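# An overview of the molecular structure
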Amino acid sequence: MTDDRYECLKLRNQVCFPLYACSKEVVRRYRPLLDRLNLTYTQYITMMVLWEEREISMNDLGERLFLDSGTLTPLLKNLESKGYVSRHRSKEDERVLMVNVTEQGLALRDKAVSVPGELASCINLGPEDGMKLYELLYKVLDQLKN
């Protein structure tokens, strides 16, 4: 006879496990694609925000990426050493650190444009399933933010 109290502790009953495993596997699939760009996954998603925004405060960047300053600071220093970003103090408020994409960083976008399609070819989800997954994941993220 099994004790039903422990059903909740079975791995197959956890939502968090397939989220964790999928995340790990997707990032693993990104690795060879991003190696060609000399970027880590975290650097890549940082560049995606900068390609979109061109300039953003470090605090806003951290919020968008769910990264704290202890993770973001060395990441930005590394991207700066590669010539992809620059950092400066805001003219309006010197306490605010701003991050800009450089021309070299913008040029990297042309090399990265094929990455999403290449990754999508590894994951055989139809458009409807992909959109459902996207919406569910953002619903979870929105609830966890608060």
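Cut-offs used in this document
- Residues numbered from 1 in each chain as written.
- Predicted model: local features only at pLDDT ≥ 70, side-chain atom pairs only at ≥ 80, totals over all residues.
- Heavy atoms only, no water.
- Helix = DSSP H or I, 4+ residues; strand = E, 2+ residues; numbered from the N terminus.
- Rg over C-alpha atoms; globule rule 2.2 N^0.38 Å.
- Contact = heavy atoms within 4.5 Å.
- Areas by Shrake-Rupley, 256 points an atom, 1.4 Å probe, with all protein chains shown as cover.
- Lys, Arg positive; Asp, Glu negative; His and termini not counted.
- Charge placed at Lys NZ, Arg CZ, Asp CG, Glu CD.
- Salt bridge = Lys/Arg side-chain N within 4 Å of Asp/Glu carboxyl O.
- Buried < 20%, exposed > 50% of the residue type's maximum accessible area, 1.4 Å probe, protein only.
- Disulfide = S-S within 2.5 Å.

### Thoughts on the overall build of the chain
Counting its regular elements, the chain contains 7 helices and 3 strands. For the chain, the N- to C-terminal ordering of α and β elements is α-α-β-α-α-β-β-α-α-α. For a compact globule of 146 residues, the expected C-alpha radius of gyration is about 15 Å, and the chain comes in at 19 Å, more than 25% above that figure. In terms of overall dimensions, the chain has C-alpha extents of about 70 × 35 × 25 Å along its principal axes. For the chain, long-range pairs separated by at least 24 residues make up 51% of all intrachain contacts whose partners lie at least 6 apart in sequence. Approximately 10600 Å² of the chain is accessible, and the part contributed by carbon and sulfur atoms is 54%. Charge separation in the chain, taken as the distance between the mean sites of 21 positive and 22 negative side-chain charges, equals 5 Å.

### Section: the pattern of salt bridges
Following the criterion strictly, the structure yields 10 salt bridges and no others. Its salt-bridge partner being R95, residue D93 comes within 2.8 Å of it at the nearest N-O pair. The exposure class assigned to D93 is partly exposed, which follows from its relative accessible area of 24%. We classify R95 as exposed; its relative accessible area is 71%. When salt bridges that share partners are traced, they join K24, E25 and R28 into one network.

### Details of the state of the cysteines
In total, this model carries 0 disulfides according to the counting rule given. Unpaired in this structure, C16 has its nearest cysteine sulfur neighbour in C8, at a distance of 11 Å.

### A few points about unusual backbone geometry
At N38, a position not held by glycine, the phi torsion is positive, near 60 degrees. Inspection of the secondary structure puts N38 in the loop between α1 (16–35) and α2 (41–53). A positive phi angle, near 60 degrees, is found at F66, a position not held by glycine.

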